[in-house]
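Chains, contacts and geometry: an overview
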Amino acid sequence: MWNSFRTDSHQATTAEITRYAAGGGDLIHAYVARPEGDGPFPGVVVLHHMPGWDEFYQEFTRRLASHGYTAICPDLYCRFGHGTPDDVTATVRSQGGVADESVVADSGAALSWLKSLPTSNGKVGIIGSCSAGRHAVLVASRVSGFDAVVDLWGGGVVMAPEQLTEKRPIAPISLTANLNAPLLGIFGNDDQSPTPAQVDQHEAELKRLGKSYEFHRYDGAGHGFFYYHVPAYRPQQAMDGWAKVFTFFGTHLKG
Amino acid sequence: VCTNIAQTTPIQGSGKGASGWFTLSRATVGYDHATHLQTEHALLLDFLNPALGVDARVAVELTLDSGRALISQLQAAIAAAEASGVAE
């Protein structure tokens, strides 16, 4: 829970940009934040959103570490070059975006990296927002070994056939049968992608296939309502959503 | 919303970025999350030269109304240029 640490506790974390062997054995950058100490600590793969491997996601990753998780946020755009996050994102955009296959491979490698740590408790979750919410669902449906999945308003879990492309060839909802980890979904009812109807459609599929999930829908919030640097921010809904995330990860990764 | 709306075209021109003028080879026009404009989405105009690196970029974020106004003025200027008979 946010702001519930003991004031007399020893709390130390480290954070750095490092490299790890990702998809295809490529050494790519990752922002890693971890609690100091022997552990054991659960791990979380943090997937960044379409606007890039940016400062918001560095802070997001550090927040997880300060709550007792070893968190790794791979630079999914690493192979496109280096510069400021928005310049790199523009390059990725000009090339049609990052391929789902690349994200799945890098995420699977991040899962293995976390589980190989001597401080690991053997449990790993995955989380992402926006395009990365979709990616979190996709990865957990393609790669076994995750213990919890958090989808923060991931648009494009439900996709019409005409939205499928070479780089995004599969609608994640079609892989629901393969999702073998509990799923937490956080959504704004004013969002246009996913729309409330698409969230309902995803939930119906999870229910039909007997999957473990919990969805929370917030009134007065649209897309990206955790993003405190843009007008979409909704503090009350965001803080409640963060509490849901930490309760969910606590249950499935620390329990 | 990540719209994934983006159109790219080769271009010939020059742009002035953080380190001065450079040759442009590509333009991308998108409509997606804004980085600086305080709206959720914006028209994203990127003038690029990938051969020079990802920071060889002139970036513009516009509202849709501004994009329409810009198109109108571009078309007017091009039409006037062609009618003038003055070569490039």
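What counts as what
- Residues numbered from 1 in each chain as written.
- Chains lettered and ligands numbered in written order.
- Predicted model: local features only at pLDDT ≥ 70, side-chain atom pairs only at ≥ 80, totals over all residues.
- Heavy atoms only, no water.
- Pairing = 2+ DSSP bridges.
- Helix = DSSP H or I, 4+ residues; strand = E, 2+ residues; numbered from the N terminus.
- Axes fitted to C-alpha atoms, helices over the stretch in contact; angles between N-to-C directions.
- Contact = heavy atoms within 4.5 Å.
- Salt bridge = Lys/Arg side-chain N within 4 Å of Asp/Glu carboxyl O.
- Buried < 20%, exposed > 50% of the residue type's maximum accessible area, 1.4 Å probe, protein only.
- Buried area = accessible area lost by both parts, 1.4 Å probe.
- Polar contact = N/O pair within 3.5 Å; in protein donor to acceptor, adjacent residues only side chain to side chain.

Topic: the sheet that holds strand S8 (residues 213-218) of chain A
All names here are of chain A.
- Taken together, 8 strands build an open sheet; the order of strands is S1-S2-S4-S3-S5-S6-S7-S8 and the sheet is mixed. Looking at the sheet topology across the chains shown, the edges are occupied by strand S1 (13-21) and S8. Neighbour-to-neighbour, the strand axes of this sheet turn through a mean angle of 20°, independent of strand direction.
- Here strand S2 (residues 27-35) runs beside strand S4 (residues 70-74); their pairing, made up of 4 bridges, is antiparallel. Looking across to S4, one finds that Ala 33 is bridged to Ala 71.
- Where helix H4 (residues 131-142) meets the sheet, it contacts strand S3 (41-47), strand S5 (120-129), strand S6 (148-152) and strand S7 (183-188), and its direction lies at approximately 140° from that of S5.

Concerning the pattern of salt bridges
- Counted according to the given criterion, the structure contains 14 salt bridges over all chains.
- With a closest N to O distance of 2.7 Å, A:Arg217 and A:Glu203 form a salt bridge. With A:Arg217 in strand S8 and A:Glu203 in helix H5 (residues 196-208), this pair connects stretches of sequence that are 14 residues apart.
- Relative accessible area serves as the criterion here: at 18%, A:Glu203 is assigned to the buried category.
- A cluster of three or more residues bridged by salt bridges with shared partners is formed by A:Asp86, A:Asp87, A:Arg93, B:Asp46 and B:Arg57.

As for the interface of chain A and chain B
- Listed as interface residues are 24 residues of chain A and, on the opposing side, 18 residues of chain B.
- A combined buried area of about 1700 Å² lies between chain A and chain B, and 60% of that area is made up of carbon and sulfur atoms.
- Between chain A and chain B we count 3 salt bridges in total.
- Here B:Arg57 ties to A:Asp86 by a salt bridge, and the two come within 2.7 Å at their closest N and O atoms.
- Linking chain A to chain B there are 5 residue pairs in polar contact (both at pLDDT 80 or more).

What to know about helix H2 (residues 85-94) of chain A
Residues and elements named next belong to chain A.
- With 8 of 10 residues buried, H2 lies mostly within the body of the structure.
- Turning to H2, its buried residues number three or more, namely Asp 87, Val 88, Thr 89, Ala 90, Thr 91, Val 92, Arg 93 and Ser 94.
- Positive phi shows up at Gly 96, right after H2, with a value of about 85°.

With respect to unusual backbone geometry
- Note that the residue after A:Gly39, namely A:Pro40, is joined by a cis bond; omega there is 0°.
- You can see A:Pro40 is positioned in the loop between S2 and S3.
- In this model, A:Ser193 is joined to A:Pro194 through a cis peptide bond whose omega is 10°.
- The topology assignment puts A:Pro194 in the loop between S7 and H5.
- For A:Cys130, which is not glycine, the phi torsion reads 60° and is therefore positive.
- Mapped onto the elements, A:Cys130 comes out in the loop between S5 and H4.
- If you check the backbone angles, B:Asn4 has positive phi at about 60° while not being a glycine.
- Mapped onto the fold, B:Asn4 is located in the segment before strand S1 (5-17).

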